[in-house]
Amino acid sequence: DKAKADVLGLLEGKLAATADATTAASKPVSREQAQDSLLAAAKSGSLVDLKQALSNGAEPNSTSAKGNTALMIASQHKHEEIVAELLQCGTKIDLQDNTGWTALMFAAWFGAVGPAKLLVSANARQELKNSDGRTALDMARICAGFAKGDKAKADVLGLLEGKLAATADATTAA
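## A look at the packing of aromatic side chains
And then number 1: Scanning the model with the defined rule gives two aromatic pairs in all.
And then number 2: For the ring pair Trp101 and Trp109, a centre distance of 5.9 Å and an interplane angle of 70° mean the geometry is edge-to-face.
And then number 3: Judged by its relative accessible area of 17%, Trp101 is buried.
And then number 4: Using a relative accessible area of 27% as the deciding quantity, one classes Trp109 as partly exposed.
And then number 5: Among the aromatic residues, ring-to-ring pairing joins Trp101, Phe106 and Trp109 into one connected group.

Set out below in structure tokens:
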């Protein structure tokens, strides 16, 4: 009867669609596609997509046209879990984009406390300067100054100032 034929047709169509999706998921991905997926995952904050991009052969230190790495993008967008994963897989922490910005500078500018803590703990170099001659601490000071009342930006500033003081104390003691 027609009702049974309709159900059968629906199920066969669904089965075919599922098979197509499975085939698409298992298709080889080009290195360029994997790199694009990595940068998109860093921006969106999708840990599943980030891990998939890495397993598809994305280079963790690959860059966008502006020279931004996934670590920089994740830091800018305050994706602490992504930053942690990238640091675990050996991403170079102090790479600079086309204008000299580092992941720590992005974290400082955008008040990304979690990523900033992870980067400082992983010994990101704070003395690096961008093309304007500014360090991450300079950027944190600028942002905390014009974003009065923004606790996150004040927290990043405190973190970087504290690290700077601890470094100076260690140097003086040595």
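## Regarding the packing of helix α2 (residues 31–44) against helix α3 (residues 47–55)
And then number 1: Contact pair α2 / α3: the axes reach a minimum separation of 8 Å and the direction vectors enclose 160°. Comparing the axis directions of α2 and α3 gives the class roughly antiparallel. α2 and α3 meet at a crossing whose hand is left-handed. Residues Ala34, Ser37, Leu38, Ala41 and Ala42 of α2 touch α3, and the partners they reach there are Asp49, Leu50, Ala53 and Leu54.

## Looking at the pattern of salt bridges
And then number 1: Going through the model one piece at a time under the given rule, you end up with three salt bridges.
And then number 2: Linking Arg141 and Glu161 is a salt bridge whose minimum nitrogen-to-oxygen distance equals 3.5 Å. Highlighted residues: Arg141 in helix α8 (residues 136–146) and Glu161 in helix α9 (residues 151–173), separated in sequence by 20 residues.
And then number 3: When its relative accessible area of 41% is taken as the criterion, Arg141 is described as partly exposed.
And then number 4: Note on Glu161: relative accessible area 34%, which makes it partly exposed.

Conventions used here
Residues numbered from 1 in each chain as written. Predicted model: local features only at pLDDT ≥ 70, side-chain atom pairs only at ≥ 80, totals over all residues. Heavy atoms only, no water. Phe/Tyr/Trp six-rings, centres within 6.5 Å; stacked < 30°, edge-to-face > 60°. Buried < 20%, exposed > 50% of the residue type's maximum accessible area, 1.4 Å probe, protein only. Axes fitted to C-alpha atoms, helices over the stretch in contact; angles between N-to-C directions. Helix = DSSP H or I, 4+ residues; strand = E, 2+ residues; numbered from the N terminus. Parallel < 35°, antiparallel > 145°, perpendicular 65-115°, else oblique. Left-handed = near helix turned anticlockwise from the far one by under 90°. Contact = heavy atoms within 4.5 Å. Salt bridge = Lys/Arg side-chain N within 4 Å of Asp/Glu carboxyl O.

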